[in-house]
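What the coordinates show
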Amino acid sequence: MRQGRRRETAAKGSLGRIRGIALEPTYFNLQGEPVDAARIVSEAVAAGANAIRLGALSHDGCAYYPSEVLPEAPGLDGRDVVGDFKTACAGAGIELVIYSNSKFVIEGAFADHPDWAEIVDGKPGTWQGPRPLTPLCHESPYFDVYLSAVREIMARYAPAVMYVDCFGVRWDCRCRWCGERFREAHGFDPPDSVNWGDAAWRAAFDWNIRRNRERALDIVAAVREGHPETQVVFNRGGYWGAGVGSPEGLAAFAHEIADNIHIESAVRFYGEPFEHIDEQCMIADAIESPAWVWVEYSVFPWSHLPCPASELRIKASRVLAHGARPMLWCLPSAPDADRSGLEGVGDIYRLARDHAPHFDETEPVAPVAILVSGRTMQEYGRDRAPNDLGADPRHVEEIKGFVAGLRRSHVPARFILDSAVERGDFGEAVLLVLANAACLSEPQCREVTAFAERGGVVLATHETSLYDERGSRRSDFGLSHLFGARWLGPGPHLSEREGWAAKMIASYVEVGAENEFPGDWPPGFRFPAGGESVAAEAVAAHVAGWLLAPTRYYCDFPGQRSGLPGLLLNQFGRGRCVYAPWQLGALYRERGFAELRRFMEAVARDASGGMLDVECDLPATVTVTARRTRTGQLVLHVLNLSTDPRAGVEGVVPVRGGEVSVRDSWLRGANRARALVAGVELEVHMSGGRASIALPDVQEYEVLVLGE
């Protein structure tokens, strides 16, 4: 099923093969210098791009072509910038993807229609950039104007792909139009504030999801009037929201509403670590779509200066290593802008172009599945924060910590969604990570139980399964039988302090005398613990470690045993459950304890029968992902980040003399290997059920192809 849906999406056209470069006409200086479409397109082709994403309606709501619907961009003077790029792209044999901003306009452009603006907290919304912009509501008559512009673009240019940005009816918009639509549907006014315990608020939230889907389908219909083959891509930002911003919401946009989505991963712009790229791409795998993902080109807002070439190689290679499609964002149009960054991204784009079968339409190979629960993001914590719409960070931060820890242990992992768990689709996983997956349905609990009974290992943390799918707390864990423990109530709160001293109060789990704690720690070892915790009582499980009371001061001596388990192990059927009743992943995300990473690796090793599917002698700064091509070849992506990702990455420390090995069953009988970046054949040594390959020197990136 996974493979079938991905193949179907990719077969619609070039969506699964895009290596794009984005241009933002908002940054064009039409009044000061010419826009040379032929020059820009030739630069993109030289860098290995096969598509240009060009704004016809950019961030300011102006048209970059002679429009009869919207105001023209300042300085356009009747020119057709979009037409120039269409001609240049056609001549170069690459695709033109047309971008349309669906919401923002220059303040004053619609001064005659102030009631079209989104109304939030009693006043029109604004986006304060270099020029103030006004977001207009998709429930207002402006939406019909936008649809007319979309039809005009399609009639003039008939692009193969239409990209829709800034889409969405805000849940908290209280403009007259949203009010009228809601009253027509429900007979009462929408609530003024969030209250998850209020039936009226729930109705408003569900109405917002429904209207967003209906409006999105209106856009798709407008695009395809007379152009049924045109594909539509929506920018959805990321996976950490509720409703249409949830993982399931992304899947709906990628498959039921449109043809694909774009996910943002600008690490400099958003202040994220490089693992954020991995997370976004893993979501693309989970929703079975070749999603487009940003490769951040410029150091915004200094958009005329690119990130260093080494950094761009790292970003572009990470996107491709996870099966997603890179979209460079964005290339300055000015002829005197610094183009040196194209050297870096071009190295990766050209590699993917020259070895397309090893990059396009591949599937992840991962022994570890991490549940990203949209239900938990939406429903968790409503009992204690009923007026908060945001996704509870206690699930998201836990996930991010496990992604980082497993990546740095060279353990390939992938995301799965609530729907996959509900139908028992765990793929090839031998380890299922429930990273504080608090809100699980009864069918999900049954399928997780069956997974363990068949021999799978479940690693669960904190309040996993303590709530049902609607966020109502159960009297005990839904997976109490699997944990071998029952819930007693909240445990010691280990994250009370904020500020310079600590975000998490220091605590420890003391390794038990039996020394069954996963990993190589002696009895009595104080294993780091932190965050919120749950008081649990072992029923059938073995207590591998006891939670110590939190310290009184940031450099104080460890507390005494609290009498509560800090780690529980339970044999279940042919499998096993490892349960940590505190925020293990979030603590690793915040503090980066090597012990926590080694713990994750030890559990993964145990789940794989004592031998990891991928073993290597590489430093933790090097990550490895595994994918399989349509013809069955195994592709290992070796990503080197031996530098401080918070600063500009001007170079990495090369990895020399490294070795990687995989289970020989992963090779499916083949014994050949090739390093695509180095361009050399490699010897494969078979021994003890493993295939070992000595790596060539690795700079930012290497790709190993194993098999015929």
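Notes on the structure in this doc start here. The structure displayed is predicted, hence computed values, not measured ones.

Before going further, it helps to examine the layout of surface pockets. The gaps of empty space that remain are located by a probe, the size of a water molecule, rolled over the atoms. Empty space within the second largest pocket amounts to approximately 650 Å³. Together, 25 residues line the second largest pocket, and Pro273, Phe274, Glu275, Arg408 and Pro645 are the ones closest to its centre. Sorting the residues of the lining of the second largest pocket by element identifies helix 8 (267–270), helix 13 (393–408), helix 17 (584–591) and helix 18 (594–607) as the ones contributing at least two each. Classifying every residue of the lining of the second largest pocket gives 9 nonpolar, 5 polar and 11 charged.

Okay, the nonpolar core next. Ranked by internal contacts, the top residues of the largest apolar core, which has 153 residues, are Ile52, Phe85, Phe234, Ile370 and Phe599. Of the residues forming this core, the biggest block, 10 residues, is contributed by helix 4 (residues 142–157). Contacts of Phe599, omitting those with residues within four sequence positions, involve Leu459, Phe517, Pro518, Trp521, Phe527, Leu567, Val578 and Leu584. Core analysis: the second largest hydrophobic core is formed by 36 residues, Leu371, Tyr380, Leu482 and Cys577 among them.

Glancing now at the packing of aromatic side chains. Scanning all chains against the criterion turns up 33 aromatic pairs. Ring geometry for Tyr163 versus Trp292: centroids 6.4 Å apart, planes at 20 degrees, classification stacked. Taken together, the positions of Tyr163 in strand 9 (residues 161–165) and Trp292 in strand 12 (residues 292–296) put the pair 129 residues apart, joining distant regions of the chain. With a relative accessible area of 0%, Tyr163 lands in the buried category. Among the residues examined, Trp292 registers a relative accessible area of 0% and is labelled buried. On the numbers, 4.2 Å between centres and 10 degrees between planes, the contact of Trp294 with Trp329 is stacked. Here Trp294, found in strand 12, pairs with Trp329, found in strand 15 (residues 325–329); they are 35 residues apart in sequence, far enough to count as distant. Of the two residues, Trp294 and Trp329, both sit in the buried class. Three or more aromatic residues link up through ring pairs in this structure, and these residues are Phe269, Tyr270, Trp294, Phe300 and Trp329. If you follow Arg176 out to its NZ or CZ, it ends over the ring of Trp177, 4.0 Å from the centre. Between the NZ or CZ atom of Arg236 and the centre of the ring of Phe253, over which it lies, the distance is 4.2 Å.

This brings us to the pattern of salt bridges. Enumeration according to the criterion identifies 51 salt bridges in this entry. A salt bridge links Arg268 to Glu311, with the shortest nitrogen-to-oxygen separation between them at 3.0 Å. You can see Arg268 sitting in helix 8 and its partner Glu311 sitting in helix 10 (residues 309–321), a full 43 residues away along the chain. Judged by its relative accessible area of 1%, Glu311 falls in the buried class. The salt bridge partner of Lys315 is Glu296, with a shortest N-O separation of 3.3 Å. With Lys315 in helix 10 and Glu296 in strand 12, this pair connects stretches of sequence that are 19 residues apart. The two residues Lys315 and Glu296 agree in class, both being buried. Three or more residues joined by partner-sharing salt bridges are found here, namely Glu139, Arg181, Arg211, Glu214, Arg215 and Asp218.

Calculation notes
Residues numbered from 1 in each chain as written. Predicted model: local features only at pLDDT ≥ 70, side-chain atom pairs only at ≥ 80, totals over all residues. Heavy atoms only, no water. 1 Å grid on protein atoms, 1.4 Å probe; cavity = no way out; pocket = protein on both sides within 12 Å on 5 of 7 lines; lining within 4 Å. Points joined across faces, edges and corners; volume = space filled by probe spheres on them. Helix = DSSP H or I, 4+ residues; strand = E, 2+ residues; numbered from the N terminus. Nonpolar A, V, L, I, M, F, W, Y, C, P; charged D, E, K, R; others polar. Core = buried A, V, L, I, M, F, W, Y, C linked by side-chain atoms within 4.5 Å. Buried < 20%, exposed > 50% of the residue type's maximum accessible area, 1.4 Å probe, protein only. Contact = heavy atoms within 4.5 Å. Phe/Tyr/Trp six-rings, centres within 6.5 Å; stacked < 30°, edge-to-face > 60°. Lys NZ or Arg CZ within 6 Å of the ring centre and 35° of its normal. Salt bridge = Lys/Arg side-chain N within 4 Å of Asp/Glu carboxyl O.

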